[in-house]
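# Structural features, examined
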Amino acid sequence: MHVRNVSMKSVRLVSQTMSTSVYLETFGCQMNVADSERADVRLRAAGFDLSTSPEDADVILFNTCSVRERAAHKVFTRIGEVRRQRIGSEPVVGVMGCVAQLEGDSIFDASPLVNIVAGTRATDRLPQLISRALQGERRVLDLDERAEGEVWDVPASDRTSKHVAFVPIIEGCNKFCTYCIVPYSRGREKSRLASDIVAEIHALRSYGYKEIHLIGQNVNSYRPKTDDGLEGFKGATPFCRLLRAVAATGMERIKFTTSFPRDFHPDIVAAIDENENLCEWIHLPVQSGSDRILRAMRRGHTAGDYLKRIDAVKNARRKMSITSDIIVGFPGETREDFGKTVKLVEQVGYDGLYIFKYSERRGTPAAKLDDDVSREEKAARFAQLEEAQRKLQQKIYDRYVGRVLDVLVERPSSKSERDMTGHSTCHKVVNFPGDVSMLGKVKSVRVTAAKQNSLYGEIISAP
Ligand code: SF4
């Protein structure tokens, strides 16, 4: 699992036929962002319309993240804030997503303001759930599975993200790492048909999208029920065949995240080597460098197994960027175990690393273990690993100075009015002087300076 806090995204919907406005706020990972985008489309199709803020909306929805206990609490804090803003009015309030799926109807008792609890598979039924609440039903609960044959795709013209499109290919997880709540909140792995994925990507390309991200908790565990859309494509696993099928759409830039080490077949690397439009970036979480801790985490691989996968990536024809996730301070992690993690990080030489301090997640097997690494020790290990990574990463980034990268221009820089920002095919953040007329275009940028987490450069292609 790879979880990054994405900036809170607000989607505003106002009904034209019913004059009902819906405001949707999203917490969590790309899967939640993709679900909100889909909820947005389904609600608009049902006649709901845009609203700009929770202050004037008839319906307020929170799409929630439960990966950390603190993230789950955040939504209740937000509901409290909304309650204070809306004294004297009674909006319909809904909790959807992972917290809803896990906590179920107990949310109604925890927060009497909430009228709707909609689990992770209820996105397409939101219009009906909201209608029931608007008709006076006090507690509307839906934790059911997706309907058979449910359509996953989001029309290109209705997407809220204009330059990079997230395309879910699999949801749920069967791995049950001991610290992780996802298999409980998102359910078992369910893969989309390749023919649907390919059709969606063709539509996105025709509409003008230059980059798509195939997303899922573990994309390389992709295993659809049938071969639809994969006929004629070679590959050691269904995911390798899917990569080649997606590459054949001609989409300019294709990225995928997250990969799971045990299911990471070297043929993935071969597919990237063969197809220039498969971007040279691999996110492969390892979590720990200690076999003892990996066993306690029930990851199903050793550090040695992981390093073999990394060797395959490093031996590729194309130079690939590698990023990872690490948890420090897992129950029972000794200084020696932690030292093995630092060693592995130094050995791999990651282009980027997401480091997390272990925190107990209620409902997971690890929560039953003694959380015996003190808060101070976790902080010290975090700082030590961060510092080691900072030094390694600076060296890696410095090597980019003088190189030319193709950058998709995504937004104005938040740091400088004269700069635009985007990502390279190797998924580096690149800033450069520019203006909004460049948005959505791919520009060749010569790198002139390297910071720790971003590069700076100048456009060399004609505007
Ligand atoms: S259980 Fe493991 S593999 Fe599955 S989402 Fe959680 S961390 Fe990732």
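Everything numeric in this text was worked out from a predicted model, so none of it was measured.

### What to know about the sheet that holds strand S8 (residues 164-168)
An order of S8-S11-S12 is seen for the three strands of this open sheet, with the pairing classed as parallel. In this open sheet, the two edge strands, each paired with only one partner strand, are S8 and strand S12 (253-257). On average, each strand axis in the sheet is inclined to that of its neighbour by 25 degrees, with strand direction left out of account. As paired strands, strand S11 (residues 211-215) and S12 are joined by five bridges and run parallel to one another.

### Thoughts on the sheet that holds strand S18 (residues 429-433)
Ordered by their spatial adjacency, five strands build a closed barrel running S16-S17-S18-S20-S19, and the pairing between neighbours is mixed. On average, adjacent strands in this sheet sit at an angle of 50 degrees to one another, irrespective of strand direction. Examined bridge by bridge, S18 and strand S20 (residues 454-459) share three bridges and lie parallel to one another. Pairing of Val430 across the sheet is with Leu455, part of S20.

### Brief notes about the environment of Ala118
Tracing the backbone shows Ala118 in strand S6 (residues 114-118). Separated by 49 residues in the primary sequence, Ala118 and Glu69 have C-alpha atoms spaced 19 Å apart.

### Focus on the domain arrangement of the protein
Interface size is commonly expressed as the accessible surface area that is lost when the partners come together. Its domain assignment divides the protein into domain 1 (9-142), domain 2 (151-279), domain 3 (314-398) and domain 4 (404-459). For domain 1 versus domain 4, the separation of C-alpha centres amounts to 35 Å.

### A word on helix H1 (residues 30-45)
Since the α-helix turns once every 3.6 residues, residues separated by three or four places project in the same direction. Relative to the 22 Å expected for 16 residues at 1.5 Å per residue, H1 spans 23 Å between its end C-alpha atoms, a close match to the ideal helical length. Buried residues dominate H1, accounting for 14 of its 16 residues. In the stretch just after H1, Gly47 is the one whose phi turns positive, near 100 degrees.

### A few points about the side chain of Thr123
Looking at the secondary structure, you find Thr123 in the loop between S6 and helix H5 (126-134). Assessed through its relative accessible area of 3%, Thr123 is described here as buried. In this structure, Thr123 is in contact with Asp35, Arg38 and Ala39, ignoring residues within four places of it in sequence.

### Thoughts on the confidence of the model for the protein
Within the protein, residue pLDDT values average 91, and 95% of them lie at 70 or more. Below a pLDDT of 50 lies the segment residues 1-17, which in the model reaches 77 contacts outside its immediate sequence neighbourhood of four places, other chains included.

### Concerning the pattern of salt bridges
Taken as a whole and assessed by the stated rule, the structure comprises 36 salt bridges. Across the pair Asp142 and Arg125 runs a salt bridge whose closest N-O atoms are separated by 2.6 Å. Linking Asp142 in strand S7 (residues 140-142) with Arg125 in the loop between S6 and H5, this pair joins segments that are 17 residues apart in sequence. Per residue, the accessibility class of Asp142 equals that of Arg125, and both read buried. Two residues, Glu274 and Lys234, come together in a salt bridge whose shortest N-O distance is 3.3 Å. A residue pair is termed long-range when its members are at least 10 positions apart, and Glu274 in helix H9 (residues 266-274) and Lys234 in the loop between S11 and helix H8 (238-247) qualify at 40 residues. Looking at Glu274, the relative accessible area reads 44%, which means it is partly exposed. With relative accessibility at 53%, the residue Lys234 sits in the exposed group. One salt-bridge network, in which partners are shared between bridges, spans Glu37, Arg159, Arg192 and Glu200.

### Describing the packing of aromatic side chains
One pass over the full model with this rule turns up six aromatic pairs. With a centroid separation of 5.3 Å and 75 degrees between ring planes, the pair formed by Phe239 and Phe256 is classed as edge-to-face. Of the two residues, Phe239 sits in helix H8 while Phe256 sits in strand S12, which places them 17 residues apart along the sequence. Exposure remark for Phe256: the relative accessible area of 2% places this residue in the buried category.

### Notes on helix H11 (residues 303-314)
Taking 1.5 Å of rise per residue, the 12 residues of H11 would be expected to cover 16 Å, and the 16 Å separating its terminal C-alpha atoms lies within 8% of that figure. All of the buried residues in H11 are Ala303, Tyr306, Leu307, Ile310 and Val313. Seen along its axis, H11 keeps its buried residues to an arc of 105 degrees; they face one direction.

### Section: the packing of H11 against helix H12 (residues 335-348)
Packing of H11 against H12 brings their axes to within 11 Å, and their N-to-C directions diverge by 10 degrees. Judged on the interaxial angle alone, H12 and H11 are roughly parallel. Where H11 approaches H12, its residues Ala303, Tyr306, Leu307, Ile310 and Lys314 are matched on the opposing element by Leu344, Gln347 and Val348. Of the residues in the contact of H11 with H12, the class split is six nonpolar, one polar and one charged.

Cut-off values and rules
Residues numbered from 1 in each chain as written. Predicted model: local features only at pLDDT ≥ 70, side-chain atom pairs only at ≥ 80, totals over all residues. Heavy atoms only, no water. Pairing = 2+ DSSP bridges. Helix = DSSP H or I, 4+ residues; strand = E, 2+ residues; numbered from the N terminus. Axes fitted to C-alpha atoms, helices over the stretch in contact; angles between N-to-C directions. Domains from an automatic or database assignment. Expected span 1.5 Å × (residues − 1). Buried < 20%, exposed > 50% of the residue type's maximum accessible area, 1.4 Å probe, protein only. Contact = heavy atoms within 4.5 Å. pLDDT = per-residue confidence, 0-100. Salt bridge = Lys/Arg side-chain N within 4 Å of Asp/Glu carboxyl O. Phe/Tyr/Trp six-rings, centres within 6.5 Å; stacked < 30°, edge-to-face > 60°. Arc of directions from axis to C-beta. Parallel < 35°, antiparallel > 145°, perpendicular 65-115°, else oblique. Nonpolar A, V, L, I, M, F, W, Y, C, P; charged D, E, K, R; others polar.

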